[in-house]
Amino acid sequence: MLSYGGDFDDRATDYEFCTNGIVYGDRKISPKAQEVKQLYAPVRLFPEKDHVRIENRNNYISTKEYAFCWKLLRDGLPVKEGVFFWDVAPLENACVKIPALLKASEEPGEYALQVSAVLREDKIWAERGFEISFGEYVWKKEKEQEKVMEGELKIIHGDVNIGVKGKHFTAMFSKAEGGLASLCYNGNEFITRRPQVTYWRALTDNDRGCALGFDCGCWQNAGQYQKVRDIQVVEGTNEVTIVFKFTLPVPGEACSYVSYCARADGSIKVNAFFKGGKDLPDLPAFGMEWKLKKAYHHFRYYGRGPEENYVDRMEGARLGVYENTAEANVPGYLVPQECGNRTGVRWLEVTDEKGQGLRFEAEGEPFEMSVLPYSAAQLDSASHKEELPISRHTWVRLLAKQMGVGGDDSWGAPVHKPYRIPSDTDLALVYTVKPV
């Protein structure tokens, strides 16, 4: 347990001011070190499909003391790797070909070439093999689109619910709640309450410092209290689409839509759409929250990692397949706040100890996501980590966008404009849910 200003009956106090360093008060490294290390790197690497440009930013040291390790990933998994050595003089650049890549990237898939500069010998401050810097280049080789399995669906129209039944799954959509009220695969129920549209995030210390709660507070409960205005059902041979239109409890006119397309193979395509409105403050985030049972606390994903990253704090993150748990995804920030986010996520699997669970696949654009034992509201209401409630659920946040976290200072500087979300912009989050 760590304490800060005010916990010792000291008055007046600045509370947690100046506690958000790269290293925590207990000397453990925070996720921010991933970003700072890359931005301060003395060597910059800029890969392309078959070569890499090396920029030596050192004033006096050449790159002779580094080894350059390259790795080719296909769909997040390594398929080929190698090492080369190159001497670049201080403050100079060099372009190096990597011929071994040419034949390794012919199969369809998404490729990432990652090149790292590592120490060739032990130093007093790090051991041989310590990574100094890395660079990444991503491209796709298109593959044929997978066909949706054909089959029959049984659709049941009730007074307050719409039921869908396939070979190995059932789904129920609540007219009153405005969403997916039940989802069962092979007899296992995955829904606690319907997935909720969210326009908010737990405030960061930077957010509180620039009064984001005052400026954008109308979005905090917009998802919880939005009202169902219209429901449309479109039936097909092997799929059915239910569209919910919501009016939001914010000034002026603003609305959003969530459509669920249930297919015969048991997959459900979800499309959450925000229709931009005028004269409204920026959105902190837009997406959906899934409240799962606590047992589903393991997660595996293909996206940027391994540590948390945000749209304005992702230079130190790289593409790959990573695993974690909801509990371990909560960093040691002194005051609970927004945390655990990952950008550029292509797919996410959330499972229990037996490996059973749900898979969320991005359709089109990758999404941002977090898997945590607490909701945004629970994080927002605690001023110390020990004030957080006993975890009873796993909260999965899938976001089309989340604003950046800023950090020029924590006493008034807002997030830079390119990393904010104007409310007059249309936003869409499209993904498919299926069993693992």
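Here is a short report on the structure shown in this document. As a convention, each chain's residues are numbered from 1 in the sequence order in which they are written. Residue-level local features of this predicted model are given only where pLDDT is at least 70; pairs of side-chain atoms are given and counted only at 80 or more, and the full residue set underlies all totals for whole chains, interfaces and linings. Side-chain measures were taken over the full set of non-hydrogen atoms in the model, leaving aside hydrogen atoms and water.

**Side note on the overall build of the protein chain**
The helix and strand labels rest on DSSP assignments: H or I over at least four residues marks a helix, E over at least two residues marks a strand, and numbering proceeds from the N terminus. Looking only at helices and strands, the protein chain has five helices and 26 strands in total. Radius of gyration means the value over C-alpha atoms here, while the globule rule gives 2.2 Å times the residue count to the 0.38 power. Relative to the compact-globule value of 22 Å for 436 residues, the protein chain shows a C-alpha radius of gyration of 24 Å, a close match. Expressed along its principal axes, the backbone C-alpha trace of the protein chain runs to roughly 75 × 65 × 45 Å. Looking at the protein chain residue by residue over its 436 residues, the buried ones come to 49%. Whether two residues are in contact is decided by their heavy atoms, any of which lying within 4.5 Å being enough. The long-range fraction of contacts in the protein chain, counting pairs at least 24 apart against all pairs at least 6 apart in sequence, stands at 65%. For accessible areas, the Shrake-Rupley method is used with a probe of radius 1.4 Å. Any residue's cover is judged against the shown protein chains and nothing else. Put simply, the protein chain shows about 22000 Å² of open surface, and 49% of that area lies on carbon and sulfur atoms. Taken as two groups, the 55 positive and 63 negative side-chain charges of the protein chain have centres that lie 3 Å from each other. For every residue, the accessible area obtained with a 1.4 Å probe (protein chains only) is divided by the maximum for its type, and the residue is called buried under 20%, exposed over 50%, and partly exposed between those limits. Just so you know, the count uses Lys and Arg for positive and Asp and Glu for negative, and it drops His and the chain ends. In plain terms, the charge of a residue is placed at NZ if it is Lys, CZ if Arg, CG if Asp and CD if Glu.

**Points about helix α1 (residues 32-39)**
Buried residues of α1: Lys32, Ala33, Gln34, Glu35 and Gln38, and no others. Of the surrounding secondary structure, the elements contacted by the buried residues of α1 are β1 (43-47), β7 (131-141) and β19 (298-305).

**Details of the side chain of Thr241**
Following the sequence through the fold, Thr241 ends up in strand β15 (residues 239-247). The class for Thr241 is buried, based on a relative accessible area of 19%. Leaving out residues up to four positions away in the same chain, Thr241 has contacts with Gln232, Val233, Val234, Ser259, Tyr260 and Cys261.

**Some remarks on the side chain of Lys32**
In this fold, Lys32 is placed in helix α1. What qualifies as a polar contact is a pair of N or O atoms within 3.5 Å, subject to a donor-acceptor requirement within protein and to the restriction that residues adjacent in sequence count only when both atoms come from side chains. Reaching out from Lys32, the side chain makes a polar contact with the backbone oxygen of Asn20 at a distance of 3.0 Å. In contact with Lys32, not counting residues within four places along its chain, are Asn20, Gly21, Ile22, Arg313 and Tyr333.

**Focus on the environment of Tyr40**
Within the element layout of this structure, Tyr40 appears in the loop between α1 and β1. On the basis of relative accessible area, Tyr40 is assigned to the exposed category, the value being 67%. It is 35 Å that separates the C-alpha atoms of Tyr40 and Phe360, two residues lying 320 residues apart in sequence.

**Re the nonpolar core**
Put simply, buried Ala, Val, Leu, Ile, Met, Phe, Trp, Tyr and Cys residues joined by side-chain atoms within 4.5 Å make one nonpolar core. Ranked by size, the top nonpolar core spans 64 residues in total, and within it Trp219, Trp290, Leu348, Phe360, Leu398 and Tyr431 carry the most contacts. In this view, Leu348 contacts Phe299, Arg300, Tyr301, Leu358, Arg359, Phe360, Phe367, Met369, Val371, Val396 and Leu398; residues no more than four positions away in its chain are not counted. Of all hydrophobic cores here, the second largest spans 21 residues; its members include Ile54, Trp70, Ala126 and Ile132.

**Here we look at the pairing of strand β8 (residues 154-157)**
The pairing of β8 with strand β9 (residues 161-165) spans four bridges and is antiparallel. Residue pairing for β9: His157 is matched across the bridge by Ile162. Between any two strands, pairing holds if DSSP finds at least two bridges.

**Concerning the sheet that holds strand β3 (residues 66-74)**
The sheet built from four strands is open, its strands ordered β4-β3-β6-β7 with antiparallel pairing. Looking at strand neighbours, the two that pair on one side only are β4 (77-84) and β7, the edges of this open sheet. Adjacent strand axes in the sheet meet at a mean angle of 15°, parallel and antiparallel pairs treated alike. Strand direction decides the pairing type here: strand β6 (residues 109-119) and β7, joined by 10 bridges, are antiparallel. Its bridge partner being in β7, Ala117 is matched across the sheet by Ser133. Helix axes use the C-alpha atoms of the stretch in contact, all axes being lines fitted to C-alpha atoms, and the angles between their N-to-C directions lie in the range 0 to 180 degrees.

**Quick notes on the packing of aromatic side chains**
Only centres within 6.5 Å qualify two rings of Phe, Tyr or Trp (six-membered ring in Trp) as a pair; their planes then separate them into stacked at under 30 degrees, edge-to-face at over 60, and tilted for everything else. Counted by the stated rule, this structure contains 24 aromatic pairs. Between Phe190 and Tyr296, the aromatic rings sit 5.2 Å apart at their centres with planes inclined by 45°, giving tilted as the arrangement. Here Tyr296 lies in the loop between β18 (285-293) and β19 and Phe190 lies in the loop between β12 (188-189) and β13 (196-198), a separation of 106 residues in the sequence. Summarising the burial analysis for this pair, Phe190 and Tyr296 share the class buried. Joined through ring pairs, the aromatic side chains of Phe169, Tyr185, Phe190 and Tyr296 make up one cluster. Only when the NZ of Lys or the CZ of Arg is both within 6 Å of the ring centre and within 35 degrees of the ring normal is a charge said to sit over the ring. Positioned above the aromatic ring of Phe130 is the side chain of Lys37, whose terminal nitrogen or guanidinium carbon lies 4.5 Å from the ring centre. The ring of Tyr302 is capped by Arg346, whose NZ or CZ atom sits 5.6 Å from the centre of that ring.

These results come straight from atomic positions and should not be treated as a statement about function.
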